[in-house]
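Structural overview for review
Next come the chains, spelled out residue by residue.
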Amino acid sequence: MQSVAIVVIIIIAALAVGGWYMMQAPAPTGAKKMALVMPGSITDHGWDQEPYEGLMRAKADFGLEVSYTEEVMVTGTPADYDRIIRDYVSKGFGFVICHDFLCKDSVTAVAKDNPSVWFAYDGARFDPAIPNLIPYIPWGHEPSYMAGVFAAMMSKTGVVGTYDGLPIHIEVACVEAFEMGAKSVNPNIQVLKNYIGVWHDPKKGHDLTVSMVDAGADIVYGVGDGINIGGIQGAKEKGIWFIGGTGDQRPVEPGTVIVSVTWGLNPIIYTLAKLYSEGRLSGTAYEFTMHTYIDGKQVGPEFLEWTDANAGKVPQSVKDAVAKTRADIMSGALVVPLITKAPGT
Amino acid sequence: MVDWADFAIVVVGAGIGIAAPLLIAALGEAFAERSGMMNLSIEGTMSLGAALAFMVGSLTSNPWLGLLAGMLGGLVIGLMNVYLAQSAHLNQVVTGMSLYIFAYGLSVYIFRAITGHVSTFGLEVPRFAPIEIPALLQIPVLGPTILNQNVLIYISIVLVIVLEVVMFKTTFGLKMRAVGENPGAADNVGINVYTVRYLCMMWGGAMAGLAGGYISLAELGLFFEGMTAGRGWIAIAIVIFGAWSPVRILAGALIFGIIDSMALHVMVVAPQIPFQLLLTLPYVLSIGILVIAMKRAALPAALFKVYRREERQLG
Amino acid sequence: MALAVRLNEYFRVTFSVAISVLIGFGLSSIFIIAIGSNPLAAYVALLDGAFGSAQSVSETFIKAIPLIFTGLAAAIAFKSNVNNIGGEGQMYMGAIATAVVALSIPVLPSLAFLPLLLGISFLAGAFWAGIPAFLKIRFGADEILTTLLMNWIPFYIVSYIVTGPFQEADRIRPQTDFIPDAARLPAFIAGYRIHWGLVLAIIVCVLAYVFLWKTSLGFEFRATGANLEAARSMGIRVNRRMIEAMVLSGGIAALAGFCEVAGTVGTLKLGSSNILGYGYAGILVALITNLHPIGVVLSGLFFGILIVGSESMQRGADVPIAMVYIIEAIMVLTIITSQLLLRKLGLTWSTGQTSQ
């Protein structure tokens, strides 16, 4: 027993020395380091996958050194954001993005402690602004309104549906705008609106979509990621159209997802990375809508229209209506109300 | 707008779909628990089964091979569990929960390793579509909903009957129940406790893997991290709910599935009801039904206890 | 002389734990290598994440606090023959109670506020555990089933509260307002997040130890857990003891929620119950230390190190998140295997019974 103990102690000592050696900070490469912290999985086809893909594109295009941390809300709780963000700061990262509404207090605290590091987090502007903290929000109400117009015109049963996870602001904005868009076409249309409490359970999305079809809906707009994936399958089974949300979900089932609303998280993160790599970040608070332009390019939520393969299935009257709605929104003739609280709360 | 009879039929039809994977996993777990082993790794095993079934199913374009892969993966986890808990005499709760975490991690690991961090888009997998028997479909009302299910559900029903017979009418079933009640006494009359428990746990694991395969191949045709969404734990609850007998487990799974389905359907037609309330309904009602309708369920007496051959009382 | 024997025993125990940790690392390395990462870099990242700086150490302890509470809750329950796997839900009820009460009543001075919130959150958890306990005794409803099913409900209650009546004033995020400063557990060391909840956890564990081993009621709890029939024949009212153990367990689990809200975070946020949820992890924490209250402190710390460290591997060594699960599972299994070995050699880690 004693000799084994000695061997073990030697092994541990060797590992400790080796470890200390490895822990010495590597020589700075001069590359700018950017990090992305996400609550969910990068395979979720939505809230986390889109920014992740934007980050990877930025890495390729701008030569940034990047790192990401995912599933913070799956393996831990919002209390972990503080530790994770500080970890990145201590590792010399110059720009840390925390892609979750729940991390406001954590990011704010760390940003105040580290004025020379850039931070961005998903949330609304606040006063007084912190110079090195960039809040950003994707408001999807305008493309959702267009989706409502599209749905109302495509529906033959006069019943359309929409669902989301929880009634918090960006979700409510999309759901309510969808209803308004639908009613602008047909004031008597019935809009089924439901919240199912989670964003990542495909089966629930599937079952809810099927329930909506059972209740008469023939086109459903899902505002979520995991629940959309299941919802798309449900729509496919029942033979109805599905309108994607959060990101471009048309490639998921090209024959079912005829149009998609995207919040543009991919280009948003990509653009922030670009600004960082060029040293042009400022403490602006971004509220991304269809009217947001950075460097002359529109960045943010979009209504992605039917692909060429599906173009034949969309009547010309619908195409015209969508085009007119888009033109009115962009010109300012139509201002889509931004509703952030679910009615009745 | 809503015809109540139609509504009920639709709810039940969807409820059967919800119940299916719960039933399959519970049928496996019932045997494991009857032999005295609590298998807490079901949730992770289901996820592993889902991942393996999807991968193999899409690579071979054969859903049956996919299911088989899922079952094998589950069987291995069950084997690990019974080895650690029975042969190595470790605490069943620890082994079960550790393997739950391990199997779940493995499912994510495998999924990402094969798809390279992307997704299952572009991976075609043949699915278990509902079987449409024209004659049955003609039956008004029942046809298009309840009798329009996929082949695995029909197989599961048959399985329930078969397993009920096995559990209560065969020698093996008798041996298994004896081992679960008093392994020492069973050992004394010559029953090989280890063999029985190994078989039961491997079966339990395989069924959990099959349930996972059902979820990825029959329910949705995709793999998504966390898609099991706690259903493995519900299966454990259903086993107890069904007092460890297959027919009653079927009833339990159906009750749970139908209530869940009802919550989702009611949600659509009555959005003024707080949705959180409806979502807790399956859990609350299941507890209520358990309490009111079930007699004091007798756990297999040896459940949770570590069985050591050398400690048994002889004679 | 007795001291020397004791020290020798502790040395052997520590030594065997060290060996099993090494073996655990070794087994996990297989998976790390298979995806092309460097295991040595991974473990360095793990240790760095858990201990690399004063900040890290503070965070590791913070992670340990709820684990110690839920671990103690599980230990007390299992030791008394009650299978309480509802720690997750009971913890949430404690968090809910803390936030709701702190935001609803007029602000009191800390000395009054904190004990009040502590007491109310304890009662919330005790109540939540009391329901399954009552159902078991009155209707024979198996507590594994009831506590498990009841774990889902608080998640929806939280969901309702943080998007409805108690949502923050801005009505933006799914979280409540920050609770008043007087209701916050003060920090230990200025500049770090570690707070007095850690001391509270240790104190409660010591109290639990004293209760279980130095009081007659505690003896009855342990007797009920060791051998139900023998205890009954000794005249112990086992049914009552089991209810009491369950209720006590629930209350202690709720304190995990209290510390998270009043100490670490300051609000109640939407945070889904997840795989590595503190309630479920607490069961493992208790079991790898053989349900010993003092052992739970060390075990909770160990889990804190493991979780914080392995999560840091994503940043320090490009190791994917799936490894967190795999490493945790392997570590737990190798550690309890080492315990088994110890027991065969005649050494035990706890002074009490071994787990069932």
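All of these numbers come straight from a predicted model, not from anything done at the bench.

What follows covers the overall build of chain B. Looking only at helices and strands, chain B features 13 helices and zero strands. Secondary structure elements in chain B, listed N-terminal to C-terminal, are α-α-α-α-α-α-α-α-α-α-α-α-α. Considering only contacts within chain B whose residues lie at least 6 apart along the sequence, 79% involve residues at least 24 apart.

If you look at the interface, chain A gives 28 residues, while chain B gives 24 residues. Within the residue set of the side of chain A that touches chain B, elements represented by two or more residues are strand S7 (190-195), helix H8 (202-214) and helix H9 (226-238) of chain A. Counting residues per element, the side of chain A that touches chain B draws most heavily on H8(A), which supplies nine residues. Split by residue class, the side of chain A that touches chain B holds twelve nonpolar, eleven polar and five charged.

The next point concerns the interface of chain C and chain B. In this complex, chain C contributes 37 residues to the contact, which on the side of chain B involves 39 residues. Contributing elements (two or more residues each) for the side of chain C that touches chain B: helix H5 (110-139), helix H6 (143-150), helix H7 (152-163), helix H12 (278-287) and helix H14 (322-344) of chain C. Take the side of chain C that touches chain B: its biggest share by element is eleven residues, from H14(C). Of the residues contributing to the side of chain C that touches chain B, the split by class is 29 nonpolar, six polar and two charged.

With 344 residues, the main nonpolar core has Val37(A), Val96(A), Ala26(B), Ile238(B), Phe69(C), Ile96(C) and Ile326(C) as its most contacted residues. Looking at this core, the element that brings in the most residues is helix H11 (residues 238-265) of chain C, giving 17 residues. Counting the residues that make up this core, at least three belong to each of domain 1 (33-139 + 266-283) and domain 2 (141-262 + 301-331) of chain A. If we ignore the near neighbours within four places in the chain, the residues touching Ile326(C) are Phe102(B), Gly105(B), Leu106(B), Tyr109(B), Ser28(C) and Phe31(C).

Let's shift gears to the sheet that holds strand S4 (residues 118-122) of chain A. Residue and element names in this part refer to chain A. If you trace the six strands from one edge of the open sheet to the other, you get S2-S1-S3-S4-S5-S11, paired in parallel fashion. Edge strands, defined here as strands with exactly one partner in the open sheet, are strand S2 (65-69) and strand S11 (286-288). When strand polarity is set aside, the average angle formed by the axes of neighbouring strands in this sheet is 15°. In terms of strand pairing, strand S1 (residues 33-37) meets strand S3 (residues 95-98) through four bridges, oriented parallel. From the neighbouring strand, Leu36 faces S3, where its bridge partner is Ile97.

Moving on: the confidence of the model for chain C. Residue and element names in this part refer to chain C. A residue-level look at chain C finds 93% of positions with pLDDT of 70 or above and a mean pLDDT of 87. Contacts for the low-pLDDT stretch residues 348-356, under 50 throughout, to residues beyond four places or in other chains number 24 contacts. Both scores are available for the predicted complex, with the pTM at 0.90 and the ipTM at 0.88.

Once that is clear, we can look at the packing of helix H11 (residues 231-241) of chain B against H6(C). When two helices pack together, their arrangement is given by the angle between their axes and by how far apart the axes lie. One can describe the packing of H11(B) onto H6(C) by two numbers: an axis separation of 9 Å at closest approach and a directional angle of 145°. Crossing hand, H11(B) versus H6(C): left-handed. Judged by residue contacts, Trp233(B), Ile236(B), Ala237(B), Ile240(B) and Phe241(B) of H11(B) engage Ile144(C), Leu145(C), Leu148(C) and Leu149(C) from H6(C). Its residues placed into classes, the contact of H11(B) with H6(C) shows nine nonpolar, no polar and no charged.

Here we take up helix H8 (residues 171-181) of chain B. For an α-helix, 3.6 residues make a turn, and residues three or four places apart therefore share a direction. Of the residues making up H8(B), those classed as buried are Lys175(B), Met176(B), Ala178(B), Val179(B) and Gly180(B). Summarising the contacts, the buried residues of H8(B) are in contact with helix H1 (4-34), helix H9 (183-188) and helix H10 (193-220) of chain B.

Residues and elements named next belong to chain C. Closest axis-to-axis distance for the H12/helix H13 (residues 293-317) pair is 8 Å, and the angle between their directions is 125°. By the angle class used here, H12 and H13 are oblique. The hand of the H12/H13 crossing is right-handed. Across the interface between the two elements, Ala281, Val285 and Ala286 from H12 touch Val296, Ser299, Gly300 and Phe303 from H13. Along the lines of polarity and charge, the residues of the contact of H12 with H13 split into five nonpolar, two polar and no charged.

Here is what the cut-offs are and how they apply
Residues numbered from 1 in each chain as written. Chains lettered and ligands numbered in written order. Predicted model: local features only at pLDDT ≥ 70, side-chain atom pairs only at ≥ 80, totals over all residues. Helix = DSSP H or I, 4+ residues; strand = E, 2+ residues; numbered from the N terminus. Contact = placed C-beta atoms within 7 Å. Nonpolar A, V, L, I, M, F, W, Y, C, P; charged D, E, K, R; others polar. Core = buried A, V, L, I, M, F, W, Y, C linked by C-beta atoms within 7 Å. Buried ≥ 20, exposed ≤ 12 C-beta atoms within 10 Å, placed from the backbone. Domains from an automatic or database assignment. Pairing = 2+ DSSP bridges. Axes fitted to C-alpha atoms, helices over the stretch in contact; angles between N-to-C directions. pLDDT = per-residue confidence, 0-100. Left-handed = near helix turned anticlockwise from the far one by under 90°. Parallel < 35°, antiparallel > 145°, perpendicular 65-115°, else oblique.

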